[in-house]
Amino acid sequence: MELTSETVVVITGASSGIGAAAARRFAREGVQVVLAARRRERLEAVAGEVRRLGGTPLVVPTDVTDPQECRRLIGRTVEHFGRLDVLLNNAGRGNLASVEETTPEQLWRIFAVNAFALWYVTAPALPIMKAQGRGHILVIASVAGKWGYPYNSAYVAAKHAAVGFVAALRAELIGTGVEATVVCPAAVDTEWGIATEGGPLGLLFEEAVRRSRQIARQRALPLAPLPKVLSADEIAERLVELVRHPPRTDVFTHAGTEELALLALRHRRMFEQQMLPFYLGAQQVYEEWRRDGRIPKAS
Ligand SMILES: NC(=O)c1ccc[n+]([C@@H]2O[C@H](COP(=O)([O-])OP(=O)(O)OC[C@H]3O[C@@H](n4cnc5c(N)ncnc54)[C@H](OP(=O)(O)O)[C@@H]3O)[C@@H](O)[C@H]2O)c1
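Just so it is clear, the structure is predicted and the values come from calculations on it, not from any experiment. (Residues numbered from 1 in each chain as written. Predicted model: local features only at pLDDT ≥ 70, side-chain atom pairs only at ≥ 80, totals over all residues.)

> Would you explain the overall build of the protein chain in this entry?
From N to C terminus, the protein chain includes 10 helices and nine strands. Its C-alpha radius of gyration of 20 Å places the protein chain within 12% of the 19 Å reference for a compact globule of 299 residues. Summarising its shape, the C-alpha atoms of the protein chain cover approximately 60 × 40 × 35 Å along the three principal directions. Buried positions account for 45% of the 299 residues belonging to the protein chain. A fraction of 75% describes how many contacts in the protein chain between residues 6 or more apart in sequence connect residues 24 or more apart. (Helix = DSSP H or I, 4+ residues; strand = E, 2+ residues; numbered from the N terminus. Rg over C-alpha atoms; globule rule 2.2 N^0.38 Å. Buried ≥ 20, exposed ≤ 12 C-beta atoms within 10 Å, placed from the backbone. Contact = placed C-beta atoms within 7 Å.)

What follows is the structure, given as C-alpha coordinates:
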(Lines give C-alpha, C1' and ligand atoms only; values in the text may rest on other atoms or scores of the structure.)
Protein backbone atom coordinates (compact mmCIF):
# COMPACT_ATOMS: atom_id res chain seq x y z
CA MET A 1 0.00 0.00 0.00
CA GLU A 2 1.25 3.46 -0.81
CA LEU A 3 1.43 5.70 2.27
CA THR A 4 0.17 9.25 1.71
CA SER A 5 -1.37 12.07 3.75
CA GLU A 6 -4.78 10.45 3.01
CA THR A 7 -3.81 7.13 4.63
CA VAL A 8 -5.42 6.54 8.03
CA VAL A 9 -3.72 4.21 10.51
CA VAL A 10 -5.44 3.13 13.76
CA ILE A 11 -3.06 1.86 16.45
CA THR A 12 -4.23 0.12 19.63
CA GLY A 13 -1.85 0.04 22.57
CA ALA A 14 -0.43 3.34 21.31
CA SER A 15 0.38 4.69 24.79
CA SER A 16 3.74 2.90 25.10
CA GLY A 17 6.26 0.48 23.59
CA ILE A 18 5.70 -0.84 20.07
CA GLY A 19 2.41 1.07 19.60
CA ALA A 20 3.95 4.44 20.53
CA ALA A 21 7.00 3.73 18.33
CA ALA A 22 4.67 2.76 15.44
CA ALA A 23 2.70 6.01 15.91
CA ARG A 24 5.90 8.06 15.59
CA ARG A 25 7.22 5.99 12.68
CA PHE A 26 3.96 6.10 10.67
CA ALA A 27 3.65 9.85 11.43
CA ARG A 28 7.09 10.32 9.82
CA GLU A 29 5.55 8.91 6.62
CA GLY A 30 3.01 11.77 6.73
CA VAL A 31 -0.03 9.52 7.29
CA GLN A 32 -2.90 10.22 9.75
CA VAL A 33 -2.68 8.26 12.99
CA VAL A 34 -5.41 7.38 15.49
CA LEU A 35 -4.08 6.56 18.95
CA ALA A 36 -5.99 4.18 21.23
CA ALA A 37 -5.23 2.72 24.70
CA ARG A 38 -6.60 3.22 28.21
CA ARG A 39 -4.12 5.77 29.67
CA ARG A 40 -5.20 9.16 28.32
CA GLU A 41 -2.14 11.13 29.59
CA ARG A 42 0.25 8.69 27.96
CA LEU A 43 -1.71 8.88 24.70
CA GLU A 44 -1.58 12.68 24.85
CA ALA A 45 2.20 12.53 25.31
CA VAL A 46 2.53 10.32 22.19
CA ALA A 47 0.14 12.66 20.33
CA GLY A 48 2.46 15.56 21.27
CA GLU A 49 5.40 13.72 19.69
CA VAL A 50 3.34 13.00 16.57
CA ARG A 51 2.40 16.70 16.30
CA ARG A 52 6.07 17.69 16.57
CA LEU A 53 6.65 15.40 13.56
CA GLY A 54 4.01 17.38 11.64
CA GLY A 55 1.04 15.02 12.20
CA THR A 56 -2.51 15.76 13.35
CA PRO A 57 -3.31 12.69 15.49
CA LEU A 58 -6.71 11.71 16.80
CA VAL A 59 -6.67 10.40 20.38
CA VAL A 60 -9.47 7.99 21.33
CA PRO A 61 -9.02 6.53 24.84
CA THR A 62 -10.21 2.95 24.48
CA ASP A 63 -10.28 -0.22 26.55
CA VAL A 64 -10.07 -2.87 23.82
CA THR A 65 -11.68 -5.46 26.09
CA ASP A 66 -14.95 -3.51 25.80
CA PRO A 67 -16.72 -4.19 22.46
CA GLN A 68 -18.69 -0.92 22.64
CA GLU A 69 -15.53 1.16 23.13
CA CYS A 70 -13.96 -0.64 20.15
CA ARG A 71 -16.94 0.18 17.93
CA ARG A 72 -16.68 3.79 19.12
CA LEU A 73 -12.95 3.86 18.20
CA ILE A 74 -13.66 2.79 14.63
CA GLY A 75 -16.74 5.06 14.42
CA ARG A 76 -14.78 8.13 15.64
CA THR A 77 -11.98 7.37 13.16
CA VAL A 78 -14.31 7.30 10.16
CA GLU A 79 -16.27 10.33 11.39
CA HIS A 80 -13.03 12.30 11.73
CA PHE A 81 -10.95 11.13 8.75
CA GLY A 82 -13.61 9.62 6.46
CA ARG A 83 -11.69 6.36 5.95
CA LEU A 84 -9.56 3.67 7.59
CA ASP A 85 -6.65 2.00 5.77
CA VAL A 86 -4.48 0.27 8.35
CA LEU A 87 -5.53 -1.26 11.66
CA LEU A 88 -2.65 -2.18 13.92
CA ASN A 89 -4.03 -4.52 16.61
CA ASN A 90 -1.15 -4.12 19.02
CA ALA A 91 -2.64 -3.80 22.54
CA GLY A 92 -1.58 -6.72 24.70
CA ARG A 93 -0.51 -7.80 28.14
CA GLY A 94 1.25 -10.85 29.56
CA ASN A 95 0.79 -12.71 32.81
CA LEU A 96 2.95 -14.48 35.35
CA ALA A 97 1.48 -17.66 36.83
CA SER A 98 2.03 -21.39 36.53
CA VAL A 99 -0.84 -23.32 34.96
CA GLU A 100 -2.12 -24.42 38.37
CA GLU A 101 -1.90 -20.87 39.79
CA THR A 102 -3.71 -19.18 36.87
CA THR A 103 -7.08 -18.02 38.17
CA PRO A 104 -10.19 -18.03 35.96
CA GLU A 105 -10.26 -14.20 36.26
CA GLN A 106 -6.65 -13.87 35.05
CA LEU A 107 -7.30 -16.29 32.22
CA TRP A 108 -10.32 -14.26 31.15
CA ARG A 109 -8.51 -10.88 31.31
CA ILE A 110 -5.47 -12.12 29.38
CA PHE A 111 -7.64 -13.68 26.67
CA ALA A 112 -9.81 -10.54 26.57
CA VAL A 113 -6.94 -8.18 25.72
CA ASN A 114 -4.79 -10.47 23.55
CA ALA A 115 -7.49 -12.45 21.73
CA PHE A 116 -11.14 -11.33 22.12
CA ALA A 117 -10.20 -7.70 21.43
CA LEU A 118 -9.08 -8.74 17.94
CA TRP A 119 -12.71 -9.48 17.05
CA TYR A 120 -14.01 -6.40 18.89
CA VAL A 121 -11.73 -3.96 17.02
CA THR A 122 -11.44 -5.69 13.65
CA ALA A 123 -15.12 -6.54 13.06
CA PRO A 124 -16.34 -2.90 12.81
CA ALA A 125 -13.32 -1.99 10.66
CA LEU A 126 -13.95 -4.70 8.04
CA PRO A 127 -17.07 -3.28 6.30
CA ILE A 128 -15.23 0.04 5.89
CA MET A 129 -12.11 -1.54 4.41
CA LYS A 130 -14.14 -3.89 2.18
CA ALA A 131 -16.18 -0.94 0.84
CA GLN A 132 -12.90 0.89 0.11
CA GLY A 133 -11.56 -2.26 -1.57
CA ARG A 134 -8.35 -1.63 0.33
CA GLY A 135 -7.04 -2.05 3.84
CA HIS A 136 -4.54 -3.92 5.98
CA ILE A 137 -5.22 -5.51 9.37
CA LEU A 138 -2.04 -6.21 11.30
CA VAL A 139 -2.00 -8.22 14.52
CA ILE A 140 0.97 -8.15 16.86
CA ALA A 141 0.98 -11.68 18.26
CA SER A 142 4.33 -13.03 19.46
CA VAL A 143 6.65 -15.98 19.10
CA ALA A 144 4.60 -17.05 22.14
CA GLY A 145 1.92 -17.68 19.51
CA LYS A 146 4.21 -20.21 17.84
CA TRP A 147 5.82 -22.05 20.76
CA GLY A 148 5.58 -22.24 24.54
CA TYR A 149 7.10 -20.23 27.37
CA PRO A 150 6.72 -21.31 31.00
CA TYR A 151 4.64 -19.49 33.64
CA ASN A 152 2.51 -17.46 31.27
CA SER A 153 0.31 -20.11 29.70
CA ALA A 154 -2.72 -17.77 29.46
CA TYR A 155 -0.68 -15.35 27.35
CA VAL A 156 0.93 -18.11 25.27
CA ALA A 157 -2.48 -19.66 24.52
CA ALA A 158 -4.06 -16.26 23.77
CA LYS A 159 -1.24 -15.43 21.33
CA HIS A 160 -1.75 -18.82 19.63
CA ALA A 161 -5.39 -17.72 19.33
CA ALA A 162 -4.23 -14.44 17.76
CA VAL A 163 -2.26 -16.40 15.12
CA GLY A 164 -5.39 -18.51 14.46
CA PHE A 165 -7.55 -15.38 14.22
CA VAL A 166 -5.41 -13.99 11.41
CA ALA A 167 -5.33 -17.34 9.57
CA ALA A 168 -9.15 -17.47 9.60
CA LEU A 169 -9.49 -13.79 8.72
CA ARG A 170 -7.18 -14.15 5.70
CA ALA A 171 -9.35 -17.01 4.45
CA GLU A 172 -12.40 -14.69 4.59
CA LEU A 173 -10.65 -11.77 2.90
CA ILE A 174 -9.87 -13.50 -0.40
CA GLY A 175 -10.75 -11.19 -3.28
CA THR A 176 -11.65 -8.17 -1.10
CA GLY A 177 -8.42 -6.18 -1.52
CA VAL A 178 -7.99 -6.23 2.26
CA GLU A 179 -4.81 -7.78 3.68
CA ALA A 180 -4.25 -9.38 7.08
CA THR A 181 -0.86 -10.10 8.60
CA VAL A 182 0.28 -11.58 11.88
CA VAL A 183 3.57 -10.36 13.31
CA CYS A 184 5.42 -12.55 15.82
CA PRO A 185 8.14 -10.66 17.68
CA ALA A 186 10.41 -12.20 20.31
CA ALA A 187 11.72 -9.97 23.14
CA VAL A 188 11.34 -6.22 22.58
CA ASP A 189 12.61 -3.59 25.01
CA THR A 190 9.32 -2.08 26.27
CA GLU A 191 7.25 -1.93 29.48
CA TRP A 192 5.71 -5.29 28.59
CA GLY A 193 7.97 -7.35 30.90
CA ILE A 194 7.06 -5.37 34.03
CA ALA A 195 3.42 -4.70 33.12
CA THR A 196 2.55 -8.41 33.22
CA GLU A 197 -0.37 -9.35 35.46
CA GLY A 198 0.61 -11.41 38.54
CA GLY A 199 4.21 -10.11 38.69
CA PRO A 200 7.08 -8.98 36.43
CA LEU A 201 7.55 -11.88 34.01
CA GLY A 202 10.30 -9.98 32.16
CA LEU A 203 12.42 -9.85 35.34
CA LEU A 204 11.78 -13.56 35.99
CA PHE A 205 12.92 -14.37 32.42
CA GLU A 206 16.02 -12.13 32.75
CA GLU A 207 17.06 -14.04 35.87
CA ALA A 208 16.17 -17.34 34.17
CA VAL A 209 18.51 -16.45 31.27
CA ARG A 210 21.36 -15.76 33.73
CA ARG A 211 20.72 -19.10 35.46
CA SER A 212 20.42 -20.91 32.12
CA ARG A 213 24.09 -20.09 31.40
CA GLN A 214 25.21 -21.73 34.68
CA ILE A 215 22.90 -24.70 34.09
CA ALA A 216 24.23 -25.18 30.55
CA ARG A 217 27.83 -25.11 31.88
CA GLN A 218 27.09 -27.53 34.74
CA ARG A 219 25.25 -30.00 32.49
CA ALA A 220 27.51 -29.55 29.46
CA LEU A 221 24.52 -28.43 27.37
CA PRO A 222 24.56 -25.84 24.59
CA LEU A 223 23.11 -22.43 25.54
CA ALA A 224 19.37 -22.07 24.86
CA PRO A 225 18.83 -20.31 21.48
CA LEU A 226 17.32 -17.08 22.83
CA PRO A 227 16.90 -14.28 20.27
CA LYS A 228 18.54 -10.88 20.75
CA VAL A 229 16.29 -8.19 22.28
CA LEU A 230 15.17 -5.58 19.71
CA SER A 231 13.97 -2.02 20.26
CA ALA A 232 10.36 -0.90 19.68
CA ASP A 233 11.69 1.43 16.94
CA GLU A 234 13.16 -1.56 15.08
CA ILE A 235 9.74 -3.28 15.16
CA ALA A 236 8.01 -0.07 14.03
CA GLU A 237 10.38 0.18 11.07
CA ARG A 238 9.40 -3.34 10.05
CA LEU A 239 5.68 -2.54 10.37
CA VAL A 240 5.90 0.36 7.92
CA GLU A 241 7.73 -1.92 5.49
CA LEU A 242 5.01 -4.61 5.90
CA VAL A 243 2.24 -2.16 5.09
CA ARG A 244 4.14 -0.98 1.99
CA HIS A 245 4.81 -4.56 0.88
CA PRO A 246 2.30 -7.03 2.37
CA PRO A 247 4.10 -10.32 3.10
CA ARG A 248 2.93 -13.77 2.00
CA THR A 249 3.86 -15.38 5.30
CA ASP A 250 3.47 -14.91 9.04
CA VAL A 251 6.14 -12.41 10.02
CA PHE A 252 9.06 -13.11 12.35
CA THR A 253 10.94 -9.96 13.34
CA HIS A 254 13.89 -11.52 15.19
CA ALA A 255 16.75 -13.41 13.52
CA GLY A 256 16.52 -17.19 13.96
CA THR A 257 12.93 -17.24 15.26
CA GLU A 258 11.27 -18.54 12.09
CA GLU A 259 13.67 -21.51 12.17
CA LEU A 260 12.85 -22.09 15.86
CA ALA A 261 9.11 -22.00 15.12
CA LEU A 262 9.60 -24.62 12.40
CA LEU A 263 11.65 -26.77 14.76
CA ALA A 264 8.89 -26.52 17.41
CA LEU A 265 6.35 -27.55 14.78
CA ARG A 266 8.28 -30.49 13.37
CA HIS A 267 10.28 -31.74 16.36
CA ARG A 268 8.68 -30.48 19.56
CA ARG A 269 10.98 -32.58 21.75
CA MET A 270 14.14 -31.42 19.99
CA PHE A 271 12.98 -27.83 20.40
CA GLU A 272 12.35 -28.37 24.12
CA GLN A 273 15.76 -30.01 24.50
CA GLN A 274 17.39 -26.87 23.06
CA MET A 275 15.40 -24.66 25.45
CA LEU A 276 16.11 -26.91 28.46
CA PRO A 277 18.65 -24.68 30.28
CA PHE A 278 16.20 -21.75 30.05
CA TYR A 279 13.19 -23.81 31.14
CA LEU A 280 15.14 -25.17 34.14
CA GLY A 281 16.38 -21.67 35.01
CA ALA A 282 12.80 -20.34 34.90
CA GLN A 283 11.63 -23.21 37.11
CA GLN A 284 14.29 -22.39 39.74
CA VAL A 285 13.41 -18.70 39.78
CA TYR A 286 9.64 -19.31 39.84
CA GLU A 287 9.91 -21.66 42.77
CA GLU A 288 12.18 -19.26 44.70
CA TRP A 289 9.88 -16.31 44.06
CA ARG A 290 6.86 -18.35 45.17
CA ARG A 291 8.65 -19.28 48.42
CA ASP A 292 9.72 -15.63 49.01
CA GLY A 293 6.17 -14.41 48.40
CA ARG A 294 7.25 -12.35 45.34
CA ILE A 295 4.55 -14.18 43.39
CA PRO A 296 1.21 -14.13 45.22
CA LYS A 297 -0.41 -17.50 45.79
CA ALA A 298 -3.70 -17.94 43.91
CA SER A 299 -6.63 -17.70 46.32
N1 LIG B 1 7.78 -6.55 24.47
C2 LIG B 1 7.90 -7.80 24.07
O3 LIG B 1 8.89 -8.49 24.40
C4 LIG B 1 6.86 -8.40 23.16
C5 LIG B 1 7.19 -9.57 22.46
C6 LIG B 1 6.24 -10.14 21.62
C7 LIG B 1 5.00 -9.56 21.48
N8 LIG B 1 4.69 -8.42 22.18
C9 LIG B 1 3.37 -7.85 22.00
O10 LIG B 1 3.51 -6.54 21.48
C11 LIG B 1 2.36 -5.78 21.80
C12 LIG B 1 2.79 -4.43 22.36
O13 LIG B 1 3.44 -4.63 23.60
P14 LIG B 1 4.69 -3.77 24.09
O15 LIG B 1 5.87 -4.67 24.10
O16 LIG B 1 4.77 -2.49 23.35
O17 LIG B 1 4.29 -3.55 25.62
P18 LIG B 1 3.78 -2.27 26.42
O19 LIG B 1 4.79 -1.18 26.34
O20 LIG B 1 3.40 -2.78 27.77
O21 LIG B 1 2.48 -1.82 25.61
C22 LIG B 1 1.26 -2.48 25.73
C23 LIG B 1 0.17 -1.55 25.23
O24 LIG B 1 -1.10 -2.23 25.30
C25 LIG B 1 -2.03 -1.35 25.88
N26 LIG B 1 -3.11 -2.07 26.54
C27 LIG B 1 -3.03 -3.02 27.50
N28 LIG B 1 -4.27 -3.39 27.88
C29 LIG B 1 -5.14 -2.67 27.15
C30 LIG B 1 -6.56 -2.57 27.09
N31 LIG B 1 -7.34 -3.33 27.87
N32 LIG B 1 -7.12 -1.71 26.21
C33 LIG B 1 -6.34 -0.93 25.43
N34 LIG B 1 -5.00 -0.97 25.43
C35 LIG B 1 -4.41 -1.82 26.29
C36 LIG B 1 -1.23 -0.51 26.86
O37 LIG B 1 -1.88 0.73 27.10
P38 LIG B 1 -2.76 1.14 28.36
O39 LIG B 1 -2.17 0.46 29.57
O40 LIG B 1 -2.62 2.64 28.39
O41 LIG B 1 -4.15 0.70 28.05
C42 LIG B 1 0.04 -0.29 26.07
O43 LIG B 1 -0.09 0.81 25.22
C44 LIG B 1 1.54 -6.62 22.78
O45 LIG B 1 0.50 -7.26 22.09
C46 LIG B 1 2.56 -7.64 23.27
O47 LIG B 1 1.94 -8.81 23.75
C48 LIG B 1 5.59 -7.83 23.00
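> Can you help me understand the sheet that holds strand S4 (residues 86-89) in this one?
Pairing between sheet strands relies on hydrogen bonds along the backbone, with the strands arranged either parallel or antiparallel. Within the open sheet, the seven strands sit side by side as S3-S2-S1-S4-S5-S6-S9. Their pairing is parallel. In this open sheet, the two edge strands, each paired with only one partner strand, are strand S3 (58-59) and strand S9 (251-252). Taken together, the six bridges between strand S5 (residues 135-140) and strand S6 (residues 178-184) define a ladder with parallel strand orientation. By the bridge assignment for S6, His136 is matched with Glu179. Strands strand S2 (32-36) and S3 of the sheet are contacted by helix H2 (residues 40-52), whose axis makes an angle of about 165 degrees with S2. (Pairing = 2+ DSSP bridges. Axes fitted to C-alpha atoms, helices over the stretch in contact; angles between N-to-C directions.)

> Would you take a moment to explain the site of the ligand for this structure?
Near the ligand lie 30 residues; those nearest to it are Gly13, Gly17, Arg38, Arg39 and Gly92. Listing elements by their share of the shell around the ligand, those giving two or more residues are helix H1 (17-28) and helix H6 (192-195). Of the residues forming the shell around the ligand, the biggest block, three residues, is contributed by H1. (Near = placed C-beta within 6 Å.)

> Sorry if this is basic, but what is going on with the nonpolar core here?
If you look at soluble globular proteins, the nonpolar side chains tend to sit buried side by side. Counting 76 residues, the largest nonpolar core has Val9, Ile11, Ala23, Val33, Val34, Leu35 and Val139 as the members making the most contacts within it. For this core, the leading source of residues is helix H4 (residues 104-132), giving 11 residues. Excluding residues within four positions of it along the chain, Val9 makes contact with Phe26, Val31, Gln32, Val33, Val34, Asp85, Val86 and Leu88. Among the nonpolar cores identified, the runner-up in size contains 14 residues, and Ala97, Ala224, Ala282 and Val285 belong to it. (Core = buried A, V, L, I, M, F, W, Y, C linked by C-beta atoms within 7 Å.)

> It is not clear to me how the pairing of strand S1 (residues 8-12) should be interpreted in this structure. Could you clarify?
Regular strands have side chains that alternate between both faces of the sheet. Among the five residues in S1, five count as buried, and that is most of the element. The alternating pattern of S1 places Val8, Val10 and Thr12 and Val9 and Ile11 on opposite faces, both of which are buried. Sheet analysis places S1 next to S2, joined by five bridges and oriented parallel. Along S2, the bridge assignment pairs Val8 with Gln32. Remark: the S1/H1/S2 crossover connection has right-handed handedness. Across three bridges, the pairing between S1 and S4 is parallel. The residue of S4 that forms the bridge with Val10 is Leu87. (Right-handed = clockwise from strand over helix to strand, strands pointing away.)

> For this particular structure, what's the right way to read helix H5 (residues 153-172)?
If you check H5, its first and last C-alpha atoms are 29 Å apart, about what 20 residues at 1.5 Å a residue would give, namely 28 Å. Listed as buried for H5 are Ser153, Ala154, Tyr155, Val156, Ala157, Ala158, Lys159, Ala162, Phe165, Val166 and Leu169. Contacts from the buried residues of H5 go to H4, S5 and S6. (Expected span 1.5 Å × (residues − 1).)

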